[in-house]
Amino acid sequence: MSEDRHAHNGAGTGPANDGAGDTAHRLRSLTLVPVADEKLTTKDFKSDQEVRWCPGCGDYAILAAFQSFLPELEVPRENLVIISGIGCSSRLPYYVDSYGMHSIHGRAPAIATGLASTRPDLSVWVITGDGDALSIGGNHLIHALRRIFNNRIYGLTKGQYSPTSEQGKVTKSTPFGSLDTPFNPVSLALGAEASFVARTIDSDRKHLTSVLRAAADHKGAAFVEIYQNCPIFNDDAFAPLKEPDSRDARLIRLEHGEPIRFGPDRAKGLRFTRYGSLEAVVAESADPDSLLAHDAHAADPSYAFALSRLDRADFAHTPIGVFRQVPRDSYDELMAAQLVDARAQQGDGDLGALLAGPDTWEVG
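This is a predicted model, so every value here is computed, not measured. (Residues numbered from 1 in each chain as written. Predicted model: local features only at pLDDT ≥ 70, side-chain atom pairs only at ≥ 80, totals over all residues. Heavy atoms only, no water.)

(A) Molecular detail of unusual backbone geometry. Unusually for a residue other than glycine, E193 sits at a positive phi of about 65°. Positionally, E193 belongs in the loop between α5 (185-191) and β6 (196-201). A positive phi angle, close to 60°, is found at F315, a residue other than glycine. Assignment of secondary structure puts F315 in the loop between α8 (302-308) and β11 (318-325). (Helix = DSSP H or I, 4+ residues; strand = E, 2+ residues; numbered from the N terminus.)

(B) Inspection of the environment of L70 at higher detail. Within the secondary structure layout, L70 lies in helix α1 (residues 58-73). In this view, L70 contacts F45, L80 and V96; residues no more than four positions away in its chain are not counted. (Contact = heavy atoms within 4.5 Å.)

(C) Quick peek at the nonpolar core. Grouped together as the largest cluster of nonpolar side chains are 37 residues, with contacts concentrated most on F66, L73, I82, L92, V96, W125 and F196. With residues up to four places along the chain from it excluded, the contact list for V96 reads F45, S47, L63, F66, Q67, L70, L80 and I82. Counting residues in hydrophobic clusters, the runner-up holds 22 residues, among them L141, I252, L270 and A306. (Core = buried A, V, L, I, M, F, W, Y, C linked by side-chain atoms within 4.5 Å. Buried < 20%, exposed > 50% of the residue type's maximum accessible area, 1.4 Å probe, protein only.)

(D) Representation of the packing of aromatic side chains in the model. Tallying each qualifying case throughout the model produces eight aromatic pairs. Note on W53 and Y60: the rings are 5.5 Å apart at their centroids and 90° apart in plane angle, and the pair reads as edge-to-face. Note on W53: relative accessible area 10%, which makes it buried. Ring plane angle 65° and centroid distance 5.3 Å describe the contact between F66 and W125, whose orientation is recorded as edge-to-face. Linking F66 in helix α1 with W125 in strand β4 (residues 123-128), this pair joins segments that are 59 residues apart in sequence. Across this residue pair, the class does not change: F66 and W125 are buried. Every member of this aromatic cluster is reached through a ring pair, and the members are W53, Y60 and Y95. (Phe/Tyr/Trp six-rings, centres within 6.5 Å; stacked < 30°, edge-to-face > 60°.)

Listed below in structure tokens is the structure:
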């Protein structure tokens, strides 16, 4: 995660609604958002700004997938808002032809929360990176979980270690190796009780799009981690998960309701140990009743958290897909209902009276 991870307001139930333009199902995050009067295309969401990242940067793939996915939302461009913080990925709002804000370091989730709470007619997306979201913006993120790009390095500031850099990482700011234990963003999101948590990869466009679709079909805040390559300062950080000769042995593709199988010939499965962690086993030689099927809808986050702890520096067993998706009343809806009740009990407020009220102080 360089400065490159994401967050989003609204999202979904696993790869539900795989069809673009499915009029039978309005995505849950868009209940109060107007439907576009005309059919929009990918081109409609491309701005006139020159896209400028380093050659080979994973941000290009993420931007292209995001722009091609947006027409599926069937949302007018004036009702789409993209908010970012500071970092390489935070340039993305410039390249999407919609409303947006390139805000201040680490504060994009706070700004997006205010906007989503006061304008339920908007689809609000946050673009942030591992440094922006998990360092200076960590406290804001855990209170308003949305979406992240991860390239395990600070890219914009030219290659310092980030909160997700592996221990021992040699960078400009850690010439003898990083001493910090890295954050696990998915574990962090689950520990903060996020109701939608997922992970995908920049170069797997089909999977990336399905995860974004699932996020948009979830009512409330959704957190999506995107493993993203930074070819200049941390090239091939996720190579074992991308290269054809190694990825199938390492990736655990999560599908709700399906048995968890992975590895060569999908011969491995997962089961719990006596202490509650998960272990990989050869499915054929294990007790069938001990092997897990994926349940993204489990009310308790402990199972999803155990999945997130499979991550290791060598990517031996790396889950991708939707870890958790459970229904929950969203903050903006609860706040709107609270305001209605307050007005019913106390009437409309008077800002002038509040400012000129009795709560004043004399200094000196």
